[in-house]
Amino acid sequence: MNVQQVPDIIFSTIAKNSFQALAPAWFEIKTNSEEILNVGGEWQHYFLEQPVAGQDVSQACEMLIGMLPMTENFELPQMQLLEHCYTDIFAIHDTNSDWLLFCDVTEKTNQLQTYQQTSNDLILIKDRLSRTLNRYVGQEVSERVNKGELKFDAAGERREISTLFVDIRGFTPFNECNDAQVVMQTLNAYMNCMLDSIMGNAGMVDKIIGDGVMAVFGVLPSQNHYTHDAFSAAQQIQTAVAQLNEQRLQAGLDILGVGVGIATGEAVLGILGTHERRAFTAIGRHVNLAARLESNARKGEILMDEATYIALEKPHALIAVTLALKDIGETQAYALLSNS
Amino acid sequence: MIQKKICILGAAGVGKTSLTARFVFSKFSDKYLSTMGVKIDRKQVEASGQVVNMMLWDIHGEEYKKIPTSYLRGASGIVTVIDGTRPNTVNVAHKILQRVNEELGTLPNIFLINKSDLEDDWNISDAMIQTLRDSGAPVYLTSAKSGDNVESSFLQLAEMLLNP
């Protein structure tokens, strides 16, 4: 719209209202200098002391040091000259003299502040959630989740997966005989062995239950078959624990071992819970089987079900065992005992 | 007295206002209040045997809107702030600094990697710190909360301003 098309009475009403809201003040400044020639408008809105003609701009408004003399027009938006008071400053370069115009934008800025605060809060929350996610699934997967590249149906989806349970053997008596700090330091040391090996093989940590972990393979993207990932993770856990135990022995610390159980089959994946608290979950017969196998695994041992054994193409190093599992009964399983 | 304008730049929420408040008023608040536009504070320090009035331009974070280059006019030095728990703020710092260099040429700059008190959440690798050091600017791990390295880093910048 062209301003000249606006009727005079409308234009003057808009100008009057805007003028009052902006509470303008201005300095006329000698060209190519900092000297104030004239002061006009509502200066008390912006300055505690009255600026006067003959003063340098930087004396009247210390924050403008280094900005003059003007060579071009520029704008300094949302300057807090006084506490809780926002000012847009317009520097206007003219042939006869330069001008500084001060306009109050406190109300508009306070409204924008609400949006900016919300936006920044969301950025911080997103970063915090990413950090939490990193700890459970690793940075690469966390980034893919954030970019929306990793999806499954949160309402429920059936999928073939491998489930791995790992638990520290003899942790309960160790817990009872040591003080809290030693218990937590020890637990963290062994947890690192477990979590690093799981996350390094595209495993998703489903739960940390006291001194044990449940992880699923086949949910996060991987270049390998999920059963191979689960088995690699199990072997790496046992190797990492064995290495940790060597270091702890040399340092004169107690050593512990872990047992691992793996089972493969169909599971229902989904998100359970309320708006306040939600968690990923995997439900299926083989999940219970993996838990039972882990309960039966000795220190340094990996036990797996037949489906896992077949998917791994029956590795020679594994020994067939028949186990009587609680609530499941007699089960054919396969065992690998490491040196730890 | 020597007057120097310092621009404090970085992504939103990295702790620019908290670092300024710690340096100028020895205060810290856990409450996060997003800065609008520019807030200016001053502190007199002694550097190389001279009194320097550091005029600190605490400028809003970069995410929400681009920093107007007019804010940088007349600046003598830059403080680039990074959040030690958020590695993406390193990239924001690099981008801002590149723009500053294009607009004003190379100014004395220090990098403050803030929130060093949050040890469990620390997420800046040594390699990232090295890329900052490679730019030739000093890098400090600071905590606006505890005050660690805050005063000393600003004083280092004051020295750099007087002895370019």
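The present account deals with the structure reproduced in this document. Predicted model only: the values in this text are computed from it and were never measured. (Residues numbered from 1 in each chain as written. Chains lettered and ligands numbered in written order. Predicted model: local features only at pLDDT ≥ 70, side-chain atom pairs only at ≥ 80, totals over all residues. Heavy atoms only, no water.)

### Brief notes about the pairing of strand β11 (residues 301-305) of chain A
Residues and elements named next belong to chain A. For β11, the buried fraction is high: 5 of the 5 residues fall into the buried class. Across the two faces of β11 the burial is the same, with Glu301, Leu303 and Asp305 and Ile302 and Met304 all buried. The sheet contact formed by β11 and strand β13 (residues 329-337) spans 5 bridges and is antiparallel. Residue pairing in the sheet places Ile302 in a bridge with Leu336 of β13. (Buried < 20%, exposed > 50% of the residue type's maximum accessible area, 1.4 Å probe, protein only. Helix = DSSP H or I, 4+ residues; strand = E, 2+ residues; numbered from the N terminus. Pairing = 2+ DSSP bridges.)

### Details of a nonpolar patch on the surface
Residue and element names in this part refer to chain A. There is a patch of nonpolar side chains on the surface, built from Ile9, Ile10 and Ile14 and spanning about 310 Å² of accessible area. Residue placement: Ile10 occurs in helix α1 (residues 8-22). The exposure class assigned to Ile10 is partly exposed, which follows from its relative accessible area of 43%. (Patch = residues over 30% accessible without salt bridge, like charges linked within 9 Å, V, L, I, M, F, W, Y side chains within 5 Å. Areas by Shrake-Rupley, 256 points an atom, 1.4 Å probe, with all protein chains shown as cover. Salt bridge = Lys/Arg side-chain N within 4 Å of Asp/Glu carboxyl O.)

### A few points about the packing of helix α6 (residues 180-199) of chain A against helix α7 (residues 226-250) of chain A
Residue and element names in this part refer to chain A. As a packed pair, α6 and α7 sit with axes 8 Å apart at the nearest point and diverge in direction by 150°. Classified by the angle between their axes, α6 and α7 sit roughly antiparallel to one another. Crossing of α6 against α7: the hand is right-handed. Taking contact as the criterion, the partners of Thr186, Ala189, Tyr190, Cys193, Met194, Ser197 and Ile198 in α6 are, on α7, Ala233, Gln236, Ile237, Ala240, Val241, Leu244, Asn245 and Arg248. Residue composition of the contact of α6 with α7, by class: 10 nonpolar, 4 polar and 1 charged. (Axes fitted to C-alpha atoms, helices over the stretch in contact; angles between N-to-C directions. Parallel < 35°, antiparallel > 145°, perpendicular 65-115°, else oblique. Left-handed = near helix turned anticlockwise from the far one by under 90°. Contact = heavy atoms within 4.5 Å. Nonpolar A, V, L, I, M, F, W, Y, C, P; charged D, E, K, R; others polar.)

### Looking at the side chain of Thr227 of chain A
Residues and elements named next belong to chain A. Mapped onto the elements of the fold, Thr227 is located in helix α7. Assessed through its relative accessible area of 0%, Thr227 is described here as buried. In this structure the side chain of Thr227 is engaged in a polar contact, spanning 3.1 Å, whose partner is the side chain of Ser162. The residues contacting Thr227, other than those within four sequence positions of it, are Ser162, Thr264, Thr308, Ala311 and Leu312. (Polar contact = N/O pair within 3.5 Å; in protein donor to acceptor, adjacent residues only side chain to side chain.)

### Observations regarding unusual backbone geometry
Cis geometry marks the peptide bond from Leu68 of chain A to Pro69 of chain A; its omega dihedral reads 0°. By the secondary structure assignment, Pro69 of chain A is in the loop between α2 (57-60) and β3 (74-82). In the Ramachandran plot, Ala23 of chain A falls in the positive-phi region, its phi being about 40° despite a non-glycine side chain. Mapped onto the elements of the fold, Ala23 of chain A is located in the loop between α1 and β1 (25-30). Owing to a relative accessible area of 3%, Ala23 of chain A belongs among the buried residues under this scheme. Positive phi values are uncommon outside glycine, yet Ser26 of chain B reaches one of about 55°. Here Ser26 of chain B shows up in the loop between α1 (16-25) and β2 (38-47).

### Re the sheet that holds strand β4 (residues 85-92) of chain A
Read across the sheet, 11 strands follow the order β2(A)-β1(A)-β5(A)-β4(A)-β3(A)-β2(B)-β3(B)-β1(B)-β4(B)-β5(B)-β6(B) without closing on themselves; strand pairing throughout is mixed. Lying at the two open borders of the sheet, with one neighbouring strand each, are β2 (36-41) of chain A together with β6 (139-141) of chain B. Strand-to-strand twist in this sheet, taken as the mean axis angle between neighbours without regard to direction, amounts to 30°. In this sheet, β4 of chain A lies alongside β3 of chain A in antiparallel orientation, the contact comprising 6 bridges. The residue of β4 of chain A that forms the bridge with Leu82 of chain A is Cys85 of chain A. The strands that helix α4 (residues 150-162) of chain B touches are β1 (2-10), β2, β3 (50-59), β4 (77-83), β5 (109-114) and β6 of chain B; relative to β5 of chain B, the one it contacts most, it runs at about 170°.

### A word on the layout of surface pockets
Rolled over the atoms, a probe sized like a water molecule indicates the empty space that remains. In this structure, the largest pocket encloses a volume near 1300 Å³. Surrounding the largest pocket, 49 residues form its lining, Ser18, Ser29, Lys31, Tyr32 and Leu33 of chain B being those nearest its centre. Listed by contribution, the elements that provide at least two residues to the lining of the largest pocket are α3 (106-137) of chain A together with α1, β2 and β3 of chain B. At 8 residues, the largest contribution of residues to the lining of the largest pocket is made by α3 of chain A. Among the residues making up the lining of the largest pocket, the classes are represented as 13 nonpolar, 19 polar and 17 charged. (1 Å grid on protein atoms, 1.4 Å probe; cavity = no way out; pocket = protein on both sides within 12 Å on 5 of 7 lines; lining within 4 Å. Points joined across faces, edges and corners; volume = space filled by probe spheres on them.)

### Considering the packing of aromatic side chains
Scanning the model with the defined rule gives 8 aromatic pairs over all chains in all. Between Phe171 of chain A and Phe174 of chain A the ring centres are 5.9 Å apart and the planes differ by 40°, which places this aromatic pair in the tilted class. You can see Phe171 of chain A and its partner Phe174 of chain A sitting in helix α5 (residues 171-177), 3 residues apart, about one turn around the helix. For Phe174 of chain A, a relative accessible area of 8% puts it in the buried group. Members of the aromatic cluster, connected to one another through ring pairs, are Phe27, Tyr46, Phe47 and Phe102 of chain A. The cationic tip of Lys27 of chain B hangs over the ring face of Phe25 of chain B; the distance from NZ or CZ to the ring centre is 5.5 Å. Here the basic side chain of Arg73 of chain B rests over the ring of Phe74 of chain A, its NZ or CZ set 3.9 Å away from the ring centre. (Phe/Tyr/Trp six-rings, centres within 6.5 Å; stacked < 30°, edge-to-face > 60°. Lys NZ or Arg CZ within 6 Å of the ring centre and 35° of its normal.)

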